Amino acid sequence: MTNYKLVFAITFAALLSSCGGNKNTSSMTKEEIIEYRVDTLLSQMTLEEKLGQMNQLSFSSIEALQPAIEAGKVGSILNTEDAKTVNALQHIAVEKSRLHIPLLMSRDVIHGFKTIFPIPLGQGATFDPALVQKGARIAAVEASSTGIRWTFSPMVDIARDARWGRMAEGYGEDPYLTSLMGAATVRGYQTADLSDPTAMAACVKHFVGYGAAESGLDYNSTFIPERQLRNVYLPSFKASVDAGALTVMTSFNDNDGVPSTGNTFILKDILRNEWGFNGFVVTDWGSTSGLIVHGFATDAYDAAMKSINAGVDMEMVSGAILANGAKLIDDKRISMGEIDRAVSNILRVKFSLGLFENPYTDETSPSVMYTPDHLKAAKKSAIESAILLKNDGVLPLKKSVKRVLVVGPLADAPYEQMGTWVFDGEKEHTITPLAALKEMYGDRVKVTYMSVLDYSRDRNTSKISAAVSAARRADVILAFVGEESFLSGEAHCLADLNLVGAQKEMLRALGKTATPLVTVVMAGRPLTIGDELAESAAVLYSFHPGTMGGPALAELLMGDASPSGRTPVTFPRMVGQEPIYYARHQVERPANENEVLLYDIPVGSSQTSTGCRSFYLDAGKDALVPFGFGLTYTTFKYGEVHISSSEVGVKDTLTLSTTLTNTGKVAGTEVVQLYVQDCVGSVTRPMKELKRFRRVTLQPGESQKVSFQLPVSDLAYWTYPMVYKVEPGDFKAWISPNSKVGTPISFVVK
Ligand code: NOJ
């Protein structure tokens with residue numbers, strides 16, 4: 001058992017020594033005290049100890065790490081699993097290293113620790129930042145109880161290509177939505193009081209542009225011009241930094257030839273000088289040495305030099321900085337100022353988290369995992385993340401339903417429904433849709449289960465005919481299909497976005513029966529499910545929904561809850577449309593409303609007979625499902641849009657409003673969305689940009705005025721030349737249920 005008195009004495013001594021002990025700090029602010037402590041401690045450190053703080057190692061064993069920790073050669077460890085190990089390592093650092101500097105323990109806690117929330121893409125679909133914040137808080141409470149005080153989340157990469165498996169890890173395609181979700185996640189992890197032992201430092205990643213990987217292939221190069229970088233890819237990072245994110249992670253990609261880990265422009269010019277970030281920058285896994293693989297550095301020495309000089313503070317696992325830092329200083333290839341900058345940034349975070357006062361984790365306190373509150377929030381998040389894409393009236397399931405046929409590889413796959421990045425999630429604690437349906441229906445309804453396919457990639461079609469026979473004896477078919485968790489996430493890209501295995505065949509056969517087919521998709525990305533939408537009576541899309549996915553989906557299907565999720569990404573009809581997103585720029589030859597497609601074009605047609613317009617001959621011009629789309633069990637009517645003034649100055653604030661009415665027979669939640677178009681710019685502008693949204697719940701027949709305040713300054717963008725400003729001129733605004741529909745109202749900025 002831990003000797004807490006000894007621990008306290010040693011920590012307190014370390015604290016005093018790190019403060020210098022002789023300056024009166026009583027008149028200083030908290031921040032000034034931290035700076036003072038950072039400077040004082042830094043002045044006592046040898047170069048070796050400084051380089052040690054910049055070094056992060058992956059956990060192997062306590063014995064293996066002990067010598068390096070004792071020698072002050074490690075600043076952080078990733079991938080510890082329990083409080084006992086964390087404390088053992090921390091004891092070595094605090095009691096046996098010369099300066100008693102605690103370690104920062106880290107782990108990928110991406111969408112929950114034990115209680116797994118929907119994958120971030122699903123959380124994006126909630127359009128509910130407060131709920132996302134709550135999920136992050138719960139993750140931090142659970143993870144910090146095992147000593148983890150730093151997570152590598154949120155991922156705020158804008159993702160517009162569903163082939164990229166990591167689309168699952170972010171909040172979708174939209175800079176505004178992602179900015180709100182990223183900032184909410186940061187607040188949830190960190191809280192207002194960083195020294196709270198349950199506060200977990202956030203790490204905003206991957207800086208920057210990683211989601212634009214060419215051809216949706218992970219780790220691939222990006223070619224993002226500066227204006228697009230600033231207008232599309234940077235705002236979500238800025239929002240997270242403004243929310244107080246303590247750390248930022250570099251990305252694996254090179255942009256226009258410069259790998260992020262060696263990119264001074266993004267790490268120094270933008271992050272530090274423009275944004276004033278004062279936390280620390282960590283590389284992604286092995287990315288300093290990765291500069292050699294990129295062909296951007298000749299060897300570890302060169303790679304260490306380039307990453308330090310570019311603005312990296314801590315190196316994740318590849319050890320090049322620790323090994324080469326001293327020689328680089330001797331050779332004057334890096335300055336001591338760069339090293340001191342990096343170490344100060346790291347120490348500042350450690351002091352802010354209260355690690356010097358409180359380096360240990362209580363091993364005796366009762367478990368905080370899977371508490372009823374946590375499960376309740378995870379269920380709410382799974383409910384709000386599910387998107388109803390189609391419903392011909394079969395949902396919610398009627399009371400008259402007495403025989404339900406449940407099929408599909410995702411109906412009872414507790415591990416798969418948790419989704420990607422669940423190092424700590426446990427399938428034993430996960431409730432599947434099948435389990436939840438059986439529990440909720442009890443003896444009242446006969447639930448027959450046939451998986452038909454053992455897993456999503458299963459190509460064995462031999463059990464389909466038995467399912468078709470069973471379907472004829474059922475009142476409704478509930479088919480749970482999608483992707484195993486393995487099919488999305490890091491390094492898991494796909495060049496085909498159709499349902500894998502024999503799932504298409506299974507659904508096609510079931511869809512031909514007279515029994516209504518309800519298809520529930522659980523996946524890590526939008527899939528090309530045009531056929532399945534046509535064949536099914538209803539489709540509910542649930543990005544991997546986590547621990548409580550089963551009860552959430554069962555409640556939605558049975559009508560105990562109403563769907564309210566909205567697509568956080570555009571769904572393509574065909575993979576060849578990727579990258580696809582709603583905020584495309586206006587092109588010179590936009591498509592017409594009713595373009596003639598491939599099989600309707602007469603043989604022998606002349607070259608220009610289709611009008612020379614911007615559309616695919618096979619896929620057409622539209623997405624399968626637009627951004628922001630989602631149905632529910634009621635209907636809503638949008639009134640006319642009112643605007644406070646049709647002529648405004650750049651310093652004014654607009655009020656845009658409409659009246660929303662629930663025109664159906666049940667209560668429901670609508671996500672009311674405000675889009676704006678800047679009609680003419682110094683460069684071409686997106687056809688629409690999301691500027692505000694609000695979840696509004698109304699009873700049947702109820703109306704409510706929904707108003708949005710929009711400061712005109714929110715219409716600023718990076719213009720030509722590269723200046724961030726509002727350009728006067730004509731604008732349009734829509735208040736609408738998704739990015740595709742609505743009638744615009746015009747206004748002019750003078
Ligand atoms: C590599 C991934 O890109 C990053 O997102 C993750 O946080 C680190 N590995 C640490 O596991």
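Small disclaimer: the values here were computed from a predicted structure and weren't measured.

K.L.:
Sorry, what's going on with the overall build of the protein chain here?
P.N.:
A count of helical and extended segments in the protein chain gives 21 helices and 27 strands. Taken over the C-alpha trace, the protein chain has a radius of gyration of 27 Å; the compact-globule value for 750 residues is 27 Å, and the two agree within 12%. Burial analysis of the protein chain (750 residues in total) assigns 59% to the buried set. The contacts in the protein chain between residues at least 6 apart in sequence include a share of 76% that link residues at least 24 apart. The centroid of the 72 positive side-chain charges in the protein chain is displaced by 4 Å from the centroid of its 81 negative side-chain charges.

K.L.:
Teacher, can you tell me more about the sheet that holds strand S6 (residues 247–250) here?
P.N.:
Whenever strands of a sheet pair, they do so through backbone hydrogen bonds, lying parallel or antiparallel. One open sheet holds the 3 strands; their spatial order is S5-S6-S9, and the pairing between them is parallel. Only two strands of the sheet have a single partner each, and these edge strands are strand S5 (203–207) and strand S9 (280–282). With strand direction ignored, the average angle separating the axes of adjacent strands in the sheet is 25°. Of the strand pairs in this sheet, S6 and S9 are connected by 3 bridges, and their pairing is parallel. Bridging from a neighbouring strand, Thr 247 pairs with Phe 280 of S9.

K.L.:
For this particular structure, what's the right way to read the domain arrangement of the protein chain?
P.N.:
For an interface, size is often stated in terms of accessible area lost upon the parts coming together. Per the domain assignment, the segments making up the protein chain are domain 1 (108–141 + 159–199 + 360–582 + 624–632) and domain 2 (636–749). Using C-alpha coordinates to define each centre, domain 1 is positioned 30 Å away from domain 2. Summed over both sides, the interface between domain 1 and domain 2 buries roughly 1,400 Å², with carbon and sulfur atoms accounting for 57% of that surface. Contact with domain 2 buries surface across domain 1, with Phe 127, Tyr 176 and Tyr 582 losing the most and accounting together for 42% of the total. The tally of links from domain 1 across to domain 2 stands at 3 salt bridges. Residue Arg 695 is joined to Asp 128 by a salt bridge in which the shortest nitrogen-to-oxygen separation is 3.9 Å. At the boundary of domain 1 with domain 2, the tally comes to 8 residue pairs in polar contact (both at pLDDT 80 or more). It is helix H8 (residues 175–190) that contributes the most residues to the side of domain 1 that touches domain 2, 3 residues altogether. In the side of domain 1 that touches domain 2, the residues fall into 10 nonpolar, 5 polar and 4 charged.

K.L.:
I tried to follow the packing of aromatic side chains on my own but got confused; where do I start?
P.N.:
Describing an aromatic ring pair means giving the distance of the ring centres and the angle of the ring planes. As enumerated under the stated definition, the model contains 19 aromatic pairs in all. Residues Trp 421 and Phe 423 carry aromatic rings whose centres are separated by 5.2 Å and whose planes lie at 70° to one another, so their mutual orientation is edge-to-face. Among the residues examined, Trp 421 registers a relative accessible area of 16% and is labelled buried. Residue placement shows Arg 160 over the ring face of Tyr 581; its charged tip is 4.1 Å from the ring centre. Sitting over the face of the ring of Tyr 675, Lys 688 holds its NZ or CZ atom 5.7 Å from the ring centroid.

K.L.:
Would you explain the nonpolar core in this entry?
P.N.:
Buried together is how nonpolar side chains tend to be arranged in soluble globular proteins. Of all hydrophobic cores here, the largest spans 93 residues; its most connected members are Met 54, Trp 150, Phe 207 and Leu 347. Discounting chain neighbours no more than four positions away, the residues touching Phe 207 are Leu 234, Phe 237, Val 248, Met 249, Thr 250, Ser 251, Ser 260, Ile 266, Leu 267, Leu 271 and Trp 275. Counting residues in hydrophobic clusters, the runner-up holds 47 residues, among them Leu 121, Ala 213, Met 506 and Ala 523.

K.L.:
What am I meant to see in the sheet that holds strand S1 (residues 55–58) here?
P.N.:
In spatial order, the strands read S4-S3-S2-S1-S10; together these 5 strands make up an open sheet with parallel pairing. Every interior strand has two partners, whereas the edge strands, strand S4 (150–151) and strand S10 (315–316), have only one.

K.L.:
Sorry if this is basic, but what is going on with the environment of Gln 503 here?
P.N.:
By secondary structure assignment, the location of Gln 503 is in helix H19 (residues 503–511). The spatial distance from the C-alpha of Gln 503 to the C-alpha of Met 28 is 65 Å, given a sequence separation of 475 residues. Ignoring sequence-local partners within four residues, the contact set of Gln 503 consists of Pro 409, Leu 453, Ser 456, Val 481 and Gly 482.

K.L.:
What's the story with the pattern of salt bridges in this structure? I'm lost.
P.N.:
Side-chain pairing between opposite charges can occur once the charged atoms of the two side chains come close. Summed over all chains, the structure comprises 38 salt bridges. Between Lys 740 and Asp 622 there is a salt bridge, with its nearest N and O atoms 3.6 Å apart. With Lys 740 in the loop between strand S26 (729–736) and strand S27 (745–749) and Asp 622 in the loop between helix H21 (549–558) and strand S17 (636–638), this residue pair connects regions lying 118 residues apart in the sequence. Here the residues in one salt-bridge network are Lys 268, Arg 272, Asp 313, Glu 338 and Arg 341, joined through shared partners.

K.L.:
When you look at unusual backbone geometry in this model, what are you seeing that I'm missing?
P.N.:
Following Ser 153, the chain continues into Pro 154 via a peptide bond in cis, with omega recorded as 10°. With respect to the helices and strands, the residue Pro 154 is situated in the loop between S4 and H8. Here the residue pair Phe 207 and Val 208 is connected by a cis peptide bond, since its omega of 5° sits within 30 degrees of zero. Topologically, Val 208 is positioned in the loop between S5 and helix H9 (226–233). Even without being a glycine, His 100 presents a positive backbone phi close to 60°. Among the secondary structure elements, His 100 is positioned in the loop between helix H5 (83–96) and strand S3 (104–107). Despite not being glycine, Tyr 370 has its phi angle at roughly 50°, a positive value. Note on placement: Tyr 370 falls in the loop between helix H15 (336–352) and helix H16 (372–385).

K.L.:
What exactly am I supposed to notice about the pairing of S5 here?
P.N.:
Regular strands show a simple pattern: their side chains alternate between the two faces of the sheet. Counting buried residues along S5, 5 of its 5 residues qualify, which places the element largely inside the surrounding structure. Of the strand pairs in this sheet, S5 and S6 are connected by 3 bridges, and their pairing is parallel. Across the sheet, Cys 203 pairs through a bridge with Thr 247, a residue of S6.

K.L.:
It is not clear to me how the site of the ligand should be interpreted in this structure. Could you clarify?
P.N.:
All residues in the neighbourhood of the ligand are listed as Asp 108, Phe 152, Arg 166, Lys 205, His 206, Met 249, Phe 252, Asp 284, Trp 285, Met 316, Trp 421 and Glu 490. In the environment of the ligand, an oxygen atom lies 2.5 Å from a nitrogen or oxygen atom belonging to the side chain of Asp 108. Within the side chain of Lys 205, an N or O atom sits 2.8 Å from an oxygen atom of the ligand. Computed on the free molecule, the ligand has an accessible area of 300 Å², of which 95% lies beneath the protein chains in the complex. Of the residues that constitute the shell around the ligand, the class distribution is 6 nonpolar, 1 polar and 5 charged.

K.L.:
Help me out: how do you make sense of the packing of H9 against helix H10 (residues 235–242) in this one?
P.N.:
For any two helices packed against each other, the geometry comes down to the angle between their axes and how far apart the axes lie. Put simply, H9 and H10 touch, their axes get as near as 5 Å, and they point 50° apart. Classified by the angle between their axes, H9 and H10 sit oblique to one another. Across the interface between the two elements, Leu 229, Arg 230, Asn 231, Val 232 and Tyr 233 from H9 touch Pro 235, Ser 236 and Phe 237 from H10. Within the contact of H9 with H10, the residues separate by chemical class into 5 nonpolar, 2 polar and 1 charged.

K.L.:
Looking at this model, I keep getting lost on the pairing of strand S21 (residues 668–678). Mind explaining?
P.N.:
Burial within S21 is extensive, with 11 of its 11 residues counted as buried. Burial along S21 is two-sided: Gly 668, Glu 670, Val 672, Leu 674, Val 676 and Asp 678 and Thr 669, Val 671, Gln 673, Tyr 675 and Gln 677, pointing in opposite directions, are all buried. Bridge analysis of S21 against strand S22 (residues 689–698) gives 9 bridges, and the strand direction is antiparallel. Residue pairing for S22: Gln 673 is matched across the bridge by Phe 693. Of the strand pairs in this sheet, S21 and S26 are connected by 6 bridges, and their pairing is antiparallel. Residue pairing for S26: Val 676 is matched across the bridge by Ala 733.

Calculation notes
- Residues numbered from 1 in each chain as written.
- Predicted model: local features only at pLDDT ≥ 70, side-chain atom pairs only at ≥ 80, totals over all residues.
- Heavy atoms only, no water.
- Helix = DSSP H or I, 4+ residues; strand = E, 2+ residues; numbered from the N terminus.
- Rg over C-alpha atoms; globule rule 2.2 N^0.38 Å.
- Buried < 20%, exposed > 50% of the residue type's maximum accessible area, 1.4 Å probe, protein only.
- Contact = heavy atoms within 4.5 Å.
- Lys, Arg positive; Asp, Glu negative; His and termini not counted.
- Charge placed at Lys NZ, Arg CZ, Asp CG, Glu CD.
- Pairing = 2+ DSSP bridges.
- Axes fitted to C-alpha atoms, helices over the stretch in contact; angles between N-to-C directions.
- Domains from an automatic or database assignment.
- Buried area = accessible area lost by both parts, 1.4 Å probe.
- Salt bridge = Lys/Arg side-chain N within 4 Å of Asp/Glu carboxyl O.
- Polar contact = N/O pair within 3.5 Å; in protein donor to acceptor, adjacent residues only side chain to side chain.
- Nonpolar A, V, L, I, M, F, W, Y, C, P; charged D, E, K, R; others polar.
- Phe/Tyr/Trp six-rings, centres within 6.5 Å; stacked < 30°, edge-to-face > 60°.
- Lys NZ or Arg CZ within 6 Å of the ring centre and 35° of its normal.
- Core = buried A, V, L, I, M, F, W, Y, C linked by side-chain atoms within 4.5 Å.
- Near = heavy atom within 4 Å.
- Areas by Shrake-Rupley, 256 points an atom, 1.4 Å probe, with all protein chains shown as cover.
- Parallel < 35°, antiparallel > 145°, perpendicular 65-115°, else oblique.

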